[in-house]
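Here is how the chains run, residue by residue.
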Amino acid sequence: MLGLMQQWPLLNHKIIDSAARQHGAREIVSRSVEGPIVRTTYGEARTRALKVAQRLARDGFKRGERIGTLAWNSARHLEAWYGIMGMGGVYHTLNPRLFPEQIAWIMNHAEDRALFVDLTFMPLVEKIAPLVKSLEKVIVLTDAAHMPESKLPNVVAYEDWIAEADGDFAWLAMDENEACGMCYTSGTTGDPKGVVYSHRSNVLHAMIACMPDAMGISSRDVILPVVPMFHANAWGLAQSAPMIGAKLVMPGGKMDGASIYELLDTEKVTFSAAVPTVWLMLLQHLEQNGLSLPHLNKVVIGGSACPRAITEKFEKNYGVQVIHAWGMTEMSPLGTLATIKPEYADLEGDALFDIKQTQGYAPFGVEMKVTDDENNERPWDGKTFGRLKVRGPAVASSYYGGAGAEQFDAEGWFDTGDVAHINPNGYMQITDRAKDVIKSGGEWISTIDLENLAVGHPDVAEAAVIGVAHPKWDERPLLVIVRKPGKEPTREAILGFMEGKIAKWWMPDDVVFVAEIPHTATGKIQKTTLRDQFRGYRLPTA
Ligand code: AMP
């Protein structure tokens, strides 16, 4: 017997339709690339998204075709996304922090036919465009007055281009399983791999993100997504904020402490999301200038492990709730969030921060397990590590073109490449990337635990741990430190600080000081480069 309920395909344009109808006057505030703060509303954004869709269709772009975006978070970028999706196209976010050749490789692989680009990135596009065979049109997200000189053919100013449309366009009726978006993983090993989102997965992911024990956002929130739309969909906020009708504040290209603080303050932001480095910059700015955060209620921190010091400062000094979250491009990206279950409601002080320090538990819509290398499930005892595997309606089922097939198994589990343990209450803690974990005498040592501990030293700015070859133990940990400006902690001081806080055999065999630790385009420590740098390093214990 079938249910007798309506078929109402989960399509992204229904999100912007609902935002315009229910919350039409709600603002989208953007720090523009041209300089000034500009204001629009969900009502206007929908009309302009319709114009984008109409113009794309008129220019001959078709259902299923990929349209690149190389842009900061702004209302125009948001309109472009909804316009692309609403005419059946597939937005393809590009990370400007990659090398030009990598961006061109990715665009060729996805066969992007058009590109929406911010003024900031025009010099980059001049280099890339000639290398991308499929690229026919470049739409610069600005007006005629700000258009730069360009040698490229077929470059138009966004405002002129949409001004030629009246918005009298009907969103395409589609199957909810059709593709609507695309994003490539950063590819720390091998070529980047394409993740293809469907309308259904994006809508379900947005609903999951809104749930009270996930991000817990509402129409009364003012949301500042610092995390870029080109980094894992701005963690879904470009869909979940309009879905619930929250005011959006888009930071454009300025993500330094002073610029973010200015928006938090003047727009009375209540909720924000970003990677730890952004919050470090903000906290420094607050401390140096004696500022407070009277409006901000909650921040989501993820993308890499959030140092405990950040969580404690936000909560104790500024009264801001921190939600540590884990996810990945392949998961749209939310996987787990460290909100507090009733089991932990009575915890206080360090015990509470211990839980907040985990990556959290999976909301409805994400299943997870940890296994050994033979795919045997490991217990949820809060200490047995294993490969972290996930499945759900917003988790990739394969990569574009069939790359990386070994990460997906017949039961639908995706191997995240992360190593983790899960406690009896379902709270997961990442201990490493599978390729970074140190195997010392057959036992695993978590590099992330060591790094978190080392950055707790007051004179340490950043820490990375890598495995270095050892004649007896195969591999032993080497701790690489960037000191805080003006501080000179010694090897002994740092080891002394760590001693007693971890198992003895986890203690790094040596400490080296460097001026800088290499990072990937998404802000993660580039351990492959570090390992190359210290290949052949002779440990004092060897
Ligand atoms: P990306 O797809 O670029 O967002 O990268 C996803 C990867 O970032 C994950 O597989 C993790 O290795 C790492 N990651 C994301 N969030 C966290 C977190 N909260 N703690 C530790 N690692 C994280």
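None of these values were measured; they are calculated from a predicted model. (Residues numbered from 1 in each chain as written. Predicted model: local features only at pLDDT ≥ 70, side-chain atom pairs only at ≥ 80, totals over all residues. Heavy atoms only, no water.)

Enquirer: So what about the pairing of strand β2 (residues 37-41)? Which residues, and what values?
Expert: Relative to β2, strand β1 (residues 27-31) is paired through five bridges, and the arrangement is antiparallel. The residue of β2 that forms the bridge with V29 is R39. The turn linking β1 back onto β2 is made up of five residues, and G35 within it adopts a positive phi angle of 135°. (Pairing = 2+ DSSP bridges. Helix = DSSP H or I, 4+ residues; strand = E, 2+ residues; numbered from the N terminus.)

Enquirer: Any details on the packing of aromatic side chains? Residues and values, ideally.
Expert: What characterises a pair of aromatic rings is the spacing of the ring centres plus the angle enclosed by the ring planes. Tallied over the entire structure, the rule returns 15 aromatic pairs. The interplanar angle of 75° and the centroid separation of 5.0 Å between the aromatic rings of Y344 and Y427 together place this pair among those described as edge-to-face. A residue pair is termed long-range when its members are at least 10 positions apart, and Y344 in the loop between β15 (334-337) and α12 (349-356) and Y427 in the loop between β18 (414-422) and β19 (428-433) qualify at 83 residues. The burial state of Y344 is the same as that of Y427; both residues are buried. Looking at Y427, the relative accessible area reads 2%, which means it is buried. In textbook terms, an aromatic cluster arises when at least three aromatic residues are bridged by ring pairs, as seen for F385, W444, W505 and W506. Note that K14 overlies the ring of W8, its terminal NZ or CZ placed 4.1 Å from the centroid. Between the NZ or CZ atom of R483 and the centre of the ring of F513, over which it lies, the distance is 3.7 Å. (Phe/Tyr/Trp six-rings, centres within 6.5 Å; stacked < 30°, edge-to-face > 60°. Buried < 20%, exposed > 50% of the residue type's maximum accessible area, 1.4 Å probe, protein only. Lys NZ or Arg CZ within 6 Å of the ring centre and 35° of its normal.)

Enquirer: With reference to specific residues and values, describe the domain arrangement of the protein.
Expert: Entries for the protein in the domain assignment read domain 1 (13-24 + 39-209), domain 2 (367-433) and domain 3 (438-533). At the interface, six residues of domain 2 touch eight residues of domain 3. In this assembly, domain 2 packs against domain 3 so that about 580 Å² is buried in total across both faces, 60% of it on carbon and sulfur atoms. When the buried surface of domain 2 facing domain 3 is broken down by residue, F385, T431 and D432 rank first, second and third, together holding 65% of it. Between the two partners, domain 2 and domain 3, sit zero salt bridges. Counting across the interface, domain 2 meets domain 3 through two residue pairs in polar contact (both at pLDDT 80 or more). Taken together, the residues of the side of domain 2 that touches domain 3 sort by class into three nonpolar, one polar and two charged. (Domains from an automatic or database assignment. Contact = heavy atoms within 4.5 Å. Buried area = accessible area lost by both parts, 1.4 Å probe. Salt bridge = Lys/Arg side-chain N within 4 Å of Asp/Glu carboxyl O. Polar contact = N/O pair within 3.5 Å; in protein donor to acceptor, adjacent residues only side chain to side chain. Nonpolar A, V, L, I, M, F, W, Y, C, P; charged D, E, K, R; others polar.)

Enquirer: So what's going on with the pattern of salt bridges? Residues and values would help.
Expert: Counted by the stated rule, this structure contains 35 salt bridges. Where E79 meets R48, a salt bridge forms, and the shortest distance between an N and an O atom there is 3.0 Å. Residue E79 is located in helix α3 (residues 75-86), and its partner R48 is located in helix α2 (residues 42-58); the two are separated by 31 residues in the primary sequence. Two residues, E159 and R48, come together in a salt bridge whose shortest N-O distance is 2.7 Å. One end of the pair, E159, is in helix α6 (residues 158-163); the other, R48, is in helix α2, and 111 residues separate them in sequence. Like R48, E159 is buried.

Enquirer: Explain helix α14 (residues 491-498) to me, using residue names and the numbers behind them.
Expert: Buried residues of α14: I494, L495 and M498, and no others. Burial along α14 is one-sided: seen end-on, the buried residues are contained in an arc of 95°. Contact partners of the buried residues in α14: α13 (447-455), β22 (460-470), β23 (474-483) and β24 (510-513). (Arc of directions from axis to C-beta.)

Enquirer: Account for the pairing of β23, with residues named and values stated.
Expert: Side chains on a regular strand alternate between the two faces of the sheet. Taken across its 10 residues, β23 has seven buried, putting it largely inside the fold. As paired strands, β22 and β23 are joined by 10 bridges and run antiparallel to one another. In the strand pairing of β23, A469 is matched with E475. The hairpin turn running from β22 into β23, its antiparallel successor, is three residues long. Taken together, the four bridges between β23 and β24 define a ladder with parallel strand orientation. In the strand pairing of β24, I481 is matched with F513. Remark: the β23/α14/β24 crossover connection has right-handed handedness. (Right-handed = clockwise from strand over helix to strand, strands pointing away.)

Enquirer: Now, about the site of the ligand: what can you tell me, with residues and values included?
Expert: Taken together, 14 residues lie near the ligand, and A325, T329, Q359, D418 and R433 sit nearest. At 3.2 Å from a nitrogen atom of the ligand is found a main-chain nitrogen or oxygen belonging to A305. The side chain of D418 places a nitrogen or oxygen atom 2.6 Å from an oxygen atom of the ligand. Coverage of the ligand by the protein chains reaches 92% of its 500 Å² of free accessible surface. It is strand β14 (residues 321-327) that contributes the most residues to the shell around the ligand, four residues altogether. Split by residue class, the shell around the ligand holds four nonpolar, seven polar and three charged. (Near = heavy atom within 4 Å. Areas by Shrake-Rupley, 256 points an atom, 1.4 Å probe, with all protein chains shown as cover.)

Enquirer: Let's hear about the sheet that holds strand β16 (residues 367-371): which residues, and what values?
Expert: In spatial order, the strands read β16-β17-β18-β19; together these four strands make up an open sheet with antiparallel pairing. Whereas interior strands pair on both sides, the edge strands pair on one side only; in this sheet they are β16 and β19. Shown here is a sheet whose adjacent strand axes are inclined to one another by a mean of 45°, direction ignored. One ladder, built from five bridges, connects β18 with β19; its direction is antiparallel. Bridge assignment links I422 to a residue of β19, and that residue is M428. (Axes fitted to C-alpha atoms, helices over the stretch in contact; angles between N-to-C directions.)

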